[in-house]
Amino acid sequence: GHEEVYLDHAGAALYTKSQVRDYCKLLTSSVYGNPHSRNPSSLRSSDAVALARRMVLNHLSASESDYLVIFTANCSAACKLVAESFAWKPGMSTFSYTRSNHNSVIGLRDIAKANGCSF
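If you're wondering where the values come from, they're calculated on a predicted model, not measured in any experiment.

About the cut-offs
- Residues numbered from 1 in each chain as written.
- Predicted model: local features only at pLDDT ≥ 70, side-chain atom pairs only at ≥ 80, totals over all residues.
- Heavy atoms only, no water.
- Helix = DSSP H or I, 4+ residues; strand = E, 2+ residues; numbered from the N terminus.
- Rg over C-alpha atoms; globule rule 2.2 N^0.38 Å.
- Buried < 20%, exposed > 50% of the residue type's maximum accessible area, 1.4 Å probe, protein only.
- Phe/Tyr/Trp six-rings, centres within 6.5 Å; stacked < 30°, edge-to-face > 60°.
- Contact = heavy atoms within 4.5 Å.
- Core = buried A, V, L, I, M, F, W, Y, C linked by side-chain atoms within 4.5 Å.
- Salt bridge = Lys/Arg side-chain N within 4 Å of Asp/Glu carboxyl O.
- Patch = residues over 30% accessible without salt bridge, like charges linked within 9 Å, V, L, I, M, F, W, Y side chains within 5 Å.
- Areas by Shrake-Rupley, 256 points an atom, 1.4 Å probe, with all protein chains shown as cover.

Colleague: Help me understand the overall build of the chain, please; the structure alone is not making it clear to me.
Modeller: Along the chain, the regular secondary structure elements total 5 helices and 0 strands. Taken from N to C terminus, the helices and strands of the chain fall in the order α-α-α-α-α. Rg of the C-alpha trace for the chain: 20 Å, well past the compact-globule value of 14 Å for 119 residues, more than 25% over. In terms of overall dimensions, the chain has C-alpha extents of about 55 × 50 × 25 Å along its principal axes. Residues counted as buried form 14% of the 119 residues belonging to the chain.

Quick look at the structure:
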């Protein structure tokens, strides 16, 4: 067989056999529905998302009263959400970023500019 070396851990880390096994067991033992609905499978999804949020906060020693955990599809969606929600102050806010950065961060210049931000 061919051996493969995977180096793109910034984009997607490799999963372990135990993660695949446990996730397969989870999906074959229960039905998970749309967490925005109200039925048993949807409530199961809502409970799982709430547990994941609590686990993230606990891992960071952060309080639910001070912080909110928001799951996004990817880095691009997270960056865009922050930029669109940020309280820019036209003429006062400055958008700065390092030379080596994720493309999504560089792409936020348009949002910053539209909000009267300097670079």
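From this point on, the discussion continues.
Colleague: I keep staring at the packing of aromatic side chains and nothing clicks. Help me out?
Modeller: Two aromatic rings, taken as a pair, are described by how far apart their centres are and by the angle between their planes. A full pass over the atoms with the stated rule returns 3 aromatic pairs. A network of ring pairs unites the aromatic residues Phe86, Trp88, Phe95 and Tyr97 as a single cluster.

Colleague: Whenever I open this one, the side chain of Ser45 confuses me. Can you help?
Modeller: Tracing the backbone shows Ser45 in helix α2 (residues 40–59). For Ser45, a relative accessible area of 9% translates into the label buried. Residues in contact with Ser45, not counting those within four places in the same chain, are Tyr32, Gly33 and Pro35.

Colleague: Looking at this structure, how should I read the nonpolar core?
Modeller: Inside soluble globular proteins, nonpolar side chains tend to come together where they are buried. Counting residues in hydrophobic clusters, the biggest one holds 9 residues: Cys79, Ala83, Trp88, Phe95, Val105, Leu108, Ile111, Ala112 and Cys117. Of all the elements in the fold, those that place two or more residues in this core are α3 (75–85) and α5 (109–114). Sequence-distant contacts of Phe95, that is, excluding residues within four places in its chain, are made with Trp88, Val105, Leu108, Arg109, Ala112, Cys117, Ser118 and Phe119.

Colleague: Can you help me understand the pattern of salt bridges in this one?
Modeller: Pairs can form between side chains of opposite charge once their charged atoms are near each other. In the structure shown here, the tally under the stated rule is 2 salt bridges. Residue Arg21 is joined to Asp22 by a salt bridge in which the shortest nitrogen-to-oxygen separation is 3.5 Å. Since its relative accessible area comes to 53%, Arg21 is described here as exposed.

Colleague: How do you make sense of a nonpolar patch on the surface when you look at a structure like this?
Modeller: Together, Tyr23, Leu26, Leu27 and Tyr32 make up an exposed nonpolar region whose accessible area comes to about 370 Å². If you trace the backbone, Tyr32 turns up in the loop between α1 (17–29) and α2.

Colleague: How should unusual backbone geometry be read in this particular structure?
Modeller: Most peptide bonds are trans, and most residues other than glycine sit at a negative phi. In the Ramachandran plot, Ser61 falls in the positive-phi region, its phi being about 50° despite a non-glycine side chain. Position of Ser61 among the secondary structure elements: in the loop between α2 and α3. Assessed through its relative accessible area of 72%, Ser61 is described here as exposed.

Colleague: Where do I start with the environment of Glu4 in this structure?
Modeller: Within the element layout of this structure, Glu4 appears in the segment before α1. In the structure, Glu4 is positioned 112 residues away from Gly116 in sequence and 48 Å away in space, judged by C-alpha atoms.

Colleague: What am I meant to see in the environment of Val49 here?
Modeller: Mapped onto the fold, Val49 is located in helix α2. Classification of Val49 as partly exposed rests on a relative accessible area of 29%. Each C-alpha atom of the pair Val49 and Pro35 lies 8.3 Å from the other, and the pair is 14 residues apart in sequence.

Colleague: What is the right way to look at the side chain of Ser41 in this model?
Modeller: Mapped onto the elements of the fold, Ser41 is located in helix α2. The contacts of Ser41, once residues within four sequence positions are left out, are Val31, Tyr32 and Gly33.

In short, geometric facts, not functional conclusions.
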